[in-house]
Structures are given as structure tokens and as C-alpha cells.
Amino acid sequence: MEYLKFFDDIEKIIIIDDLAKFLGVNKDGKIDIGYPDIVKSAGHSCATVAGAYLMALKGLKALYKDELPRRGEIKVELKKTPTEENTGVVGCVLSNITGATTDYGFGGIPGGKYNRRDLLFYGADIQSDVRFTRLDTNESVEVDYRPKRVVDPMGILMSAIKDDAKEEDIKSFPARFQEMVKTVFDNSDKLIDIKR
């Protein structure tokens, strides 16, 4: 698959998935998830997908500190409902990374081990955009993503689709849009707020 070079420069998320180990995917259950993997599952790259990836990357680092996050052992709560703005997209990205699902995921092997259901919640009563909670310690972190501090995704989009869009703006849109995504990653520390 052809994609932009900067995708490979983005830090990967490394997790442990005990289900993968149990089923023989590999010997240690370690899985690395890169931004290109998320782009493939989402079908596109935008400020929302980039922000969801960054919330997972930075939020899980803050939650697990020196340990690797454990997929399937993380509760994920989103403040907004799936149809508010693009929260459903964010939820799908976070689900792909953490394994958390609402009622549609893997229900576990007989006895319930490795269950992934009832770990993803929308419309949660939280102060931030997302809250990650470790099931083993009940520790949690809340994460906010504020892209408008450095980029204007809607402004770039409208420049290419408005009725009086100039031909040069339409032609340059894909490159300008992905440059905006790169700017999000280049300025991630300014856009992600973490609260304990």
C-alpha cells in the first residue's frame, strides 16, 4: 500500500495482548500498532483519526508508565455519543488499539476469559474527551484533544468543497490536508492534555 512517508515516522503503540499469545499469534503477546494500521482500518487519515491515535498513545503511556498496556484489560469511556461530531470514529480507533468494545466484540473463551465486551462506553459522565481505566488497578487517566490550537481542519476542507472553490485549491487539497495531519503529530504535546 502506498502512503505518505511521514506515517512511518510516527511513534508506534506497543501493547501486550494475552489473547494473541494464547491463540498462538506469537510467543509473548506483544503487538505493535502503527499509524498506517489505523489508517487502513479507518480508511483515511484526518485530524480526528490522528487525534484518536495520539490520545491512545499518550493516554496509555500515562496510565501504564513503564509497563506495556494490556489489550482487553482497559476500560474506555468517551464523553460524547457516537453520533456527536466524529466521536464514533474516535471510538473505533480506540477500540482497535485497546480491544475494548461495547456489546459486539469477542465474548471470551468458555468461562469468560479474554472478554472484550462492555469495555467501551459512549456518553460517559466524565469531564474530558476520553477516560482510560486499568481493570487490574482501577487507575485512570483522562485525555483531551484540542487540534484547533494549531490547525483548522474544517477551513482546509471548505477551501476545496465550497461553491466558489478555486481550481488550485481543489488540486492542492489532498497534500494540504495531509500536511495538516502531519502538523498535528508534529505538535502533539500542544494538543493533548492528560489529567489524573
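Residues numbered from 1 in each chain as written. Predicted model: local features only at pLDDT ≥ 70, side-chain atom pairs only at ≥ 80, totals over all residues. Heavy atoms only, no water.

## Here we look at the overall build of the chain
And step 1. Along the backbone of the chain there are seven helices and seven strands.
And step 2. Overall, the chain shows an N-to-C arrangement of helices and strands of β-α-β-α-α-β-α-β-β-β-α-α-α-β.
And step 3. With the C-alpha coordinates of the chain rotated into their principal frame, the extents come out at 60 × 40 × 30 Å.
And step 4. Counting over 196 residues, the chain shows a buried share of 45%.
And step 5. Sequence separation of 24 or more characterises 67% of the internal contacts of the chain that already satisfy a separation of 6 or more.
And step 6. Surface summary for the chain: the accessible area is close to 10700 Å², and the carbon and sulfur share equals 51%.
And step 7. Considering the chain, the positive charge centre built from 30 side chains and the negative charge centre built from 33 side chains are found 3 Å apart. (Helix = DSSP H or I, 4+ residues; strand = E, 2+ residues; numbered from the N terminus. Buried < 20%, exposed > 50% of the residue type's maximum accessible area, 1.4 Å probe, protein only. Contact = heavy atoms within 4.5 Å. Areas by Shrake-Rupley, 256 points an atom, 1.4 Å probe, with all protein chains shown as cover. Lys, Arg positive; Asp, Glu negative; His and termini not counted. Charge placed at Lys NZ, Arg CZ, Asp CG, Glu CD.)

## Thoughts on the sheet that holds strand β5 (residues 130-134)
And step 1. Reading across from one edge, β4-β3-β5-β6-β7 is the order of the five strands in this open sheet, with mixed pairing throughout. Here the strands that pair on one side only, and so sit at the sheet edges, are β4 (120-121) and β7 (192-195).
And step 2. As paired strands, strand β3 (residues 74-78) and β4 are joined by two bridges and run parallel to one another. Looking at the pairing, Glu-77 lines up with Phe-121 of β4. (Pairing = 2+ DSSP bridges.)

## Some points on the environment of Lys-182
And step 1. With respect to the helices and strands, the residue Lys-182 is situated in helix α6 (residues 167-186).
And step 2. For the pair Lys-182 and Ile-10, spaced 172 residues apart in the sequence, the C-alpha separation amounts to 9.3 Å.

## Thoughts on the pattern of salt bridges
And step 1. One pass over the full model with this rule turns up 18 salt bridges.
And step 2. With a shortest N-O distance of 3.7 Å, Glu-139 and Lys-65 are connected by a salt bridge. Of the two residues, Glu-139 is situated in the loop between β5 and β6 (140-145) and Lys-65 in the loop between α3 (47-64) and β3; the sequence distance between them amounts to 74 residues.
And step 3. Overall, Glu-139 belongs to the partly exposed group, its relative accessible area being 32%.
And step 4. Among the residues examined, Lys-65 registers a relative accessible area of 51% and is labelled exposed.
And step 5. Three or more residues are tied together by salt bridges with common partners; here these are Asp-129, Asp-144, Arg-146 and Lys-195. (Salt bridge = Lys/Arg side-chain N within 4 Å of Asp/Glu carboxyl O.)

## Some thoughts on the nonpolar core
Generally speaking, soluble globular proteins have nonpolar side chains that are buried together.
And step 1. Tyr-35, Val-76, Ile-97, Phe-132 and Phe-185 are the most contacted members of the largest nonpolar core, which has 49 residues in total.
And step 2. When residues in this core are grouped by element, the largest group, 13 residues, is from α3.
And step 3. In this structure, Val-76 is in contact with Leu-94, Thr-98, Ala-100, Leu-119, Leu-120, Phe-121, Val-130, Arg-131 and Phe-132, ignoring residues within four places of it in sequence. (Core = buried A, V, L, I, M, F, W, Y, C linked by side-chain atoms within 4.5 Å.)

## Let's talk about the packing of aromatic side chains
And step 1. Inspection of the entire model under this criterion finds eight aromatic pairs.
And step 2. Here the aromatic rings of Tyr-53 and Phe-185 are separated by 6.2 Å at their centres, their planes lie at 70°, and the arrangement is edge-to-face. In this pair, Tyr-53 sits in helix α3 while Phe-185 sits in helix α6, placing the two residues 132 residues apart along the sequence.
And step 3. An angle of 45° between the planes, with centres 5.2 Å apart, marks the rings of Phe-173 and Phe-177 as tilted. (Phe/Tyr/Trp six-rings, centres within 6.5 Å; stacked < 30°, edge-to-face > 60°.)

## Some remarks on α6
Three- or four-residue spacings in an α-helix give side chains the same orientation, since the helix completes a turn every 3.6 residues.
And step 1. Here α6 contains 20 residues, and its C-alpha end-to-end distance of 29 Å stays within 8% of the 28 Å for a straight helix at 1.5 Å per residue.
And step 2. Of all the bends in α6, the greatest, near 55°, is centred on Phe-173, and the proline Pro-174 appears no more than four residues after it.
And step 3. Those residues of α6 lying buried are Phe-173, Phe-177, Gln-178, Met-180, Val-181, Val-184 and Phe-185.
And step 4. On the buried face of α6, the contacting elements are α2 (35-42), α3, β6, α5 (153-161) and α7 (188-191). (Expected span 1.5 Å × (residues − 1). Bend = angle between axes of the 7 residues up to and from the residue.)

These results come straight from atomic positions and should not be treated as a statement about function.
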